[in-house]
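# Results of the structural survey
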Amino acid sequence: MTFDRKQLRVYFIAGTQDVKQGTLENILEAALKAGITMFQFREKGPSALTGEAKKEKALALQRLCQSYNVPFIVNDDVALALEIDADGIHVGQDDAEIESFYAQAQDKIIGLSVGNFEEYDQSDLTHVDYIGVGPVYKTQSKSDAKQAGGIEMIRRMRRYDEEIPIVAIGGITEENVASIVNNGADCIATISSITQSENIENSVSRYLQYFK
């Protein structure tokens, strides 16, 4: 899939561990109908699906994304992403080195998590399409989240690298999205503000209004 930074605008991330009510498929479909522009399947933690069950879930979610023409990204699991021909792969600092799988994934969107300037400096961004920067604010969705860097981190990262698409992640809400965008983020990624939303259509459309 050809990458366009506009595909990142409202980037929904979720796995089965994030679902308190209903199913991930139903939540994703509601989010797709509401206009999310990218989806990342992030299956993590003690209750996470593995093996065949994880693959089946990924395929079901991928089909939904394909029916709305929205890129489907797999978090961390390079083998799964390649096997099902996902649109992209997102890795963290402690996950697989991009160089180790890039030859097999040249047609895919590649994202990398960057939590601070030290991580940015030690990362090879040659094949990276976007960086996920955060957590901006404290988040409940990731038990291993690092220290929140606040709006200041987004502002400084934008000055540090004026070109690369920056996806702000961590504690993003409808209340703070405006200042995040105004300080240089190209887009926002969110987990709980969609998975736990009372009205997904409203939540997504409120985010979308900041990305004309």
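All of these numbers come straight from a predicted model, not from anything done at the bench. (Residues numbered from 1 in each chain as written. Predicted model: local features only at pLDDT ≥ 70, side-chain atom pairs only at ≥ 80, totals over all residues. Heavy atoms only, no water.)

Take helix α1 (residues 24–34) next. Every buried residue of α1 is accounted for by L24, I27, L28, A31, L32 and A34. Angular distribution of buried residues about the axis of α1 spans 160 degrees; they occupy a single face of the element. Away from its buried face, by an angle of more than 90 degrees, α1 presents the exposed residues N26 and K33. Once α1 finishes, G35 follows within two positions and takes phi at roughly 115 degrees, a positive value. (Buried < 20%, exposed > 50% of the residue type's maximum accessible area, 1.4 Å probe, protein only. Helix = DSSP H or I, 4+ residues; strand = E, 2+ residues; numbered from the N terminus. Arc of directions from axis to C-beta.)

Another point: the UniProt feature "binding site: 4-amino-2-methyl-5-(diphosphooxymethyl)pyrimidine" (unreviewed entry) in the protein chain. Here, the residues flagged by UniProt with the feature "binding site: 4-amino-2-methyl-5-(diphosphooxymethyl)pyrimidine" (unreviewed entry) are Q40, F41, R42, E43, K44, N75, S113 and K142. Looking at the element boundaries, F41 is found in strand β2 (residues 38–41). Overall, the relative accessible area of 1% leaves F41 in the buried class. In contact with F41, not counting residues within four places along its chain, are A14, G15, L24, K54, K57, A58, L61, F72, I73, V74 and N75. With respect to the helices and strands, the residue K44 is situated in the loop between β2 and α2 (51–67). Beyond its immediate stretch of four places on either side in the chain, K44 contacts Q17, N75 and D76. (UniProt positions renumbered as here; feature names shortened; annotations may be inferred. Contact = heavy atoms within 4.5 Å.)

Another aspect to go through is the sheet that holds β2. The parallel closed barrel is built from eight strands, whose spatial order is β1-β2-β3-β4-β5-β6-β7-β8. In this sheet, neighbouring strand axes are inclined to one another by 25 degrees on average, regardless of whether the strands run parallel or antiparallel. Pairing of strand β6 (residues 130–133) with strand β7 (residues 166–169) involves three bridges; the strand directions are parallel. Residue pairing for β7: G132 is matched across the bridge by V167. Packed on one face of the sheet, α2 meets β2 and β3 (72–75) and runs near 175 degrees to β2. (Pairing = 2+ DSSP bridges. Axes fitted to C-alpha atoms, helices over the stretch in contact; angles between N-to-C directions.)

Moving on: the pairing of β3. Both faces of β3 are covered, namely the face carrying F72 and V74 and the face carrying I73 and N75. Of the pairings in the sheet, the one linking β2 to β3 comprises three bridges and is parallel in character. By the bridge assignment for β3, F39 is matched with F72. Running through α2, the crossover from β2 to the neighbouring parallel element β3 is right-handed. With three bridges joining them, β3 and strand β4 (residues 88–91) adopt parallel strand pairing. Among the inter-strand pairings, V74 is bridged to a residue of β4, identified as I89. Each parallel crossover has a hand, and for β3 linked through helix α3 (residues 78–83) to β4 it is right-handed. (Right-handed = clockwise from strand over helix to strand, strands pointing away.)

What follows concerns the environment of N202. Along the polypeptide, N202 turns up in helix α9 (residues 200–208). By relative accessible area, N202 is classed as partly exposed at 32%. Along the backbone, N202 and A34 are 168 residues apart, and their C-alpha atoms lie at a distance of 7.8 Å.

Right, let's talk about the packing of aromatic side chains for a bit. By convention here, two paired aromatic rings are described through the distance between centres and the angle between planes. Tallied over the entire structure, the rule returns five aromatic pairs. Centre to centre, the rings of Y11 and Y130 are 5.7 Å apart; their planes meet at 75 degrees, and the pair counts as edge-to-face. Of this pair, Y11 sits in strand β1 (residues 10–14) while Y130 sits in strand β6, and the two are 119 residues apart along the sequence. You'll find Y11 and Y130 in the same group, each marked buried. On the numbers, 5.4 Å between centres and 50 degrees between planes, the contact of F12 with F39 is tilted. Of this pair, F12 sits in strand β1 while F39 sits in strand β2, and the two are 27 residues apart along the sequence. Of the two residues, F12 and F39, neither departs from the other in class, the shared state being buried. Through pairs of rings, three or more aromatic residues link up here, namely F12, F39 and F72. (Phe/Tyr/Trp six-rings, centres within 6.5 Å; stacked < 30°, edge-to-face > 60°.)

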